[in-house]
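This is what each chain is made of:
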Amino acid sequence: MFDRIREDIEATFERDPAARGVLEIIFCYPGFHAVLFYRVARWFWIHKMFLLGRFISHIGRFFTGIEIHPGARIGRRFFIDHGMGVVIGETSEIGDNVTLYHGVTLGGTTWKKIKRHPTIGNNVVVGVGAKILGPVKIGDNTKIGANSVVVDEIPPNSIVVGIPGKVVFRVEGDKRIQMDTGFMPDPQSKAIANLLERVKQLEEKMNKQE
């Protein structure tokens, strides 16, 4: 467990340029605190002391605003940036070198006592406010865009955005291969279309007055 904690500190240094020292991380990073509470709660959970594990998890939620069920499986070098509002459900599985930003939910879609939360691969980044729902698998080296809602399996090396989340790029080496983006709204085109519609309405109004 202590090796995992040391690696979590190292991951914070690597992924947050604002981190200036170990003591700053230990005392001032709620994401690190939440992971620390989880590591302790998880130890009690796997040793069948479920109530104590849940209680420690609850204390961590109170102090950090981050809810991680001790039943979740989280790999090495896990990093939560900012963290407020992150929820990780009981049957979630998270690989190594994963980064979550604030407001992320790894949630379930059923009340049955089955595998009901996501499985996140290695080297995955989940953006601010994204929701990954159900027992879906997110492939390695994938990036989930801010506020996306993912309800389907995502292949490795993907960049995902939207509601529902869709793959817009596949990454192969240093290249990004663009996928179908027809569903993505173009704000400039939408603004122009609205202006044209408004001009049309004004012209029709003027014609009627004539």
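Residues numbered from 1 in each chain as written. Predicted model: local features only at pLDDT ≥ 70, side-chain atom pairs only at ≥ 80, totals over all residues. Heavy atoms only, no water.

1. Overview of the packing of helix H1 (residues 2-15) against helix H3 (residues 30-46)
Phase 1: Contact geometry for H1 and H3: axes closest at 11 Å, N-to-C directions at 165°. Put simply, H1 runs roughly antiparallel to H3. H3 is crossed by H1, and the crossing has right-handed handedness. Side by side, H1 and H3 meet where Arg4, Ile5, Asp8 and Ile9 of the first sit next to Phe32, Val35, Leu36 and Arg39 of the second.
Phase 2: Across the contact of H1 with H3, the residue classes tally to five nonpolar, no polar and three charged. (Axes fitted to C-alpha atoms, helices over the stretch in contact; angles between N-to-C directions. Helix = DSSP H or I, 4+ residues; strand = E, 2+ residues; numbered from the N terminus. Parallel < 35°, antiparallel > 145°, perpendicular 65-115°, else oblique. Left-handed = near helix turned anticlockwise from the far one by under 90°. Contact = heavy atoms within 4.5 Å. Nonpolar A, V, L, I, M, F, W, Y, C, P; charged D, E, K, R; others polar.)

2. Here we look at the packing of H3 against helix H4 (residues 50-64)
Phase 1: In the contact formed by H3 and H4, the axes pass within 7 Å of each other and the chain directions differ by 175°. For the element pair H3 / H4, the angle class is roughly antiparallel. Within the contact between the two elements, H3 uses Pro30, His33, Ala34, Phe37, Val40, Ala41, Phe44 and Trp45 and H4 uses Phe50, Leu52, Gly53, Arg54, Ile56, Ser57, Ile59, Gly60, Phe63 and Thr64.

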